[in-house]
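So you can see what is in the structure, the chains are spelled out below.
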Amino acid sequence: MRNIIRRFASLGYLTAPLALTFVGVVLLSLGVAYLFIHLYRSLEDLPTFFSILTLQFMPRPWRAVLLSGAGIAVLAFGLWQLSGVMIIPLRQGETDGSDDVVLGYRRDAPPKLVVLSGGPGMLILSAMGEQVRQLTCIVPVQDPVEYYYRASGLFATQNVYYVVPTPEPIQVMAQLDDGTSIDVRHLSLNQQIAPRHVVDLHLARNPTSESIQVTRLALEAIREADAIILGPGSLFESIVPNLLIDDLREAIVRSKARKIYVCNLMTEPGRTTGFSVADHIRTIKTFGNFTPDVVLVNAQRIDPEVYRLYAAALQSPVVLSPEEYEETALVTGTNGGPAGLRGVMIEGSLVIEADLASSVIQYTASLNNPAEQRAVRVLRHDNQKLSRAILALLRRG
């Protein structure tokens, strides 16, 4: 209802012209009606079609109701079509009317997006804030509310909002392939489990407690979203935890929004070691009960120095491999978006390769000597490249 009211509100500048037009149409209709009445009363032996055209076979009250209903329906449809055009007066205030101009153009409403990711991923996608109507970031269920309240104040971006999925954070436990059970937030801190990967994830809560309460803002954002973006971010730490919440997961499944998954650039030690693109998609299907419509995978060539650095940390690039292809498709760019994207079908998702990342210099401190820093080159999702790719997909409809 709010969208309908907002759309008709765009006709505010046309209130007076529309009122005059309506009065003119009514007067014209009365004139035509009197003409028909005169012809009907003055001419004899009128053709049968004339009687049918003027609805003479119906009682007069029914004629009035039928014609009035048809008129209201046509008028409403015309106003609805007109409200799809935004009217902007180029001059405000009182003028002599000699140079007033009204500009009309077709309005395409910016999309509403929902992001399921961690802090770094949300910060990357916040670059789209000025190009969307609303970008709602639903933070991971295990993270405290205060962290994102501070983040939203520190990184205040237009049209970007941070929402928690539950009133209180919930601990998320991961089970590794060797049977180890560990808090998902501690996976990256334990080098001994770097060769392992996660096989199961669950919420650590009292089994006798009532069902998990989901915040109204999170559910409303999903219901109104035009697209739901998963990532960029850790698969098991930033994305999957929220899919463990029944009401939130069901809301995503029911949503008609396009579901876009931004695949990791590299595998994550202790979490996704050895994972392929298909493994990432299957994980979302397993825990989320849905298949992403589109999966974005980085296609950029990785500098050998960067590759060796990640290999030393037991990480490898997440790239498409020929044995994963089920079906190929060509996805052409539009409206200035990335052109000539190559798409393939994997696990029911359209997987698209694009240049989504950039190498950046990052300074790290030594654990033995915190005052000592060294510069290393790392690969990160590029906010501008990723934003262009996502917006190009959305413009395709």
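Residue positions within a chain follow its written sequence, with the count starting from 1. Totals for whole chains, interfaces and linings use every residue, but because this is a predicted model, local features are given only for residues with pLDDT of at least 70 and side-chain atom pairs only at 80 or more, for both listing and counting. Working from all heavy atoms in the structure, the side-chain values ignore hydrogens and water.

## A word on the packing of helix α8 (residues 235-243) against helix α10 (residues 277-288)
- Where α8 meets α10, the closest approach of the two axes is 9 Å, and the angle between their N-to-C directions is 30°. Taken together, the axis directions place α8 and α10 in an arrangement best described as roughly parallel. For the pair α8 and α10, the sense of crossing is right-handed. Residues Leu235, Phe236, Val240 and Leu243 of α8 form the contact with α10, whose own contacting residues are His280, Thr283, Ile284, Phe287 and Gly288.
- Class assignment for the residues of the contact of α8 with α10 results in 6 nonpolar, 3 polar and no charged. Working convention: axes come from line fits to C-alpha atoms, limited for helices to the stretch in contact. Angles between N-to-C directions cover 0 to 180 degrees. By definition, any uninterrupted DSSP run of H or I lasting at least four residues is a helix, any uninterrupted run of E lasting at least two residues is a strand, and each is numbered from the N terminus. Under this scheme an angle from 65 to 115 degrees is roughly perpendicular, one under 35 degrees roughly parallel, and one over 145 degrees roughly antiparallel; angles in between are oblique. The sense of a crossing depends on the near helix, which, turned anticlockwise from the far helix by less than a right angle, makes the crossing left-handed and, turned clockwise, makes it right-handed. Contact criterion: two residues are considered in contact whenever any of their non-hydrogen atoms come within 4.5 Å of each other. Think of it as three bins: nonpolar holds Ala, Val, Leu, Ile, Met, Phe, Trp, Tyr, Cys and Pro, charged holds Asp, Glu, Lys and Arg, and polar takes everything else, Gly as well.

## Brief notes about the sheet that holds strand β8 (residues 198-204)
- The 3 strands are arranged β7-β6-β8 in an open sheet whose pairing can be described as antiparallel. Two strands lie at the open edges of the sheet, namely β7 (181-183) and β8, each paired on one side alone. Strand-to-strand twist of the sheet, defined as the mean angle between neighbouring strand axes without regard to direction, takes the value 30°.
- With 3 bridges connecting them, strand β6 (residues 171-176) and β7 associate as antiparallel partners. Bridging across to β7, Gln175 finds its partner in Ser181.
- Strands in contact with α8 are β6 and β8; relative to β8, the strand with the most contacts, it is inclined by about 55°. In this scheme, strands are said to pair when DSSP sees at least two bridges between them.

## So, the nonpolar core
- Grouped together as the largest cluster of nonpolar side chains are 51 residues, with contacts concentrated most on Leu201, Ile228 and Val351.
- For Ile228, the residues in contact, after removing those within four places along its chain, are Val114, Leu116, Ile222, Ile252, Ser255, Ala257, Arg258, Lys259 and Ile260.
- In this text, buried Ala, Val, Leu, Ile, Met, Phe, Trp, Tyr and Cys residues form a nonpolar core when linked through side-chain atoms within 4.5 Å. Relative accessibility decides the category of a residue: with a 1.4 Å probe and only protein chains considered, values under 20% of the type maximum give buried, values over 50% give exposed, and everything between is partly exposed. Counting residues in each nonpolar core, the second largest holds 28 residues, with Met122, Cys137, Tyr162 and Leu296 among its members.

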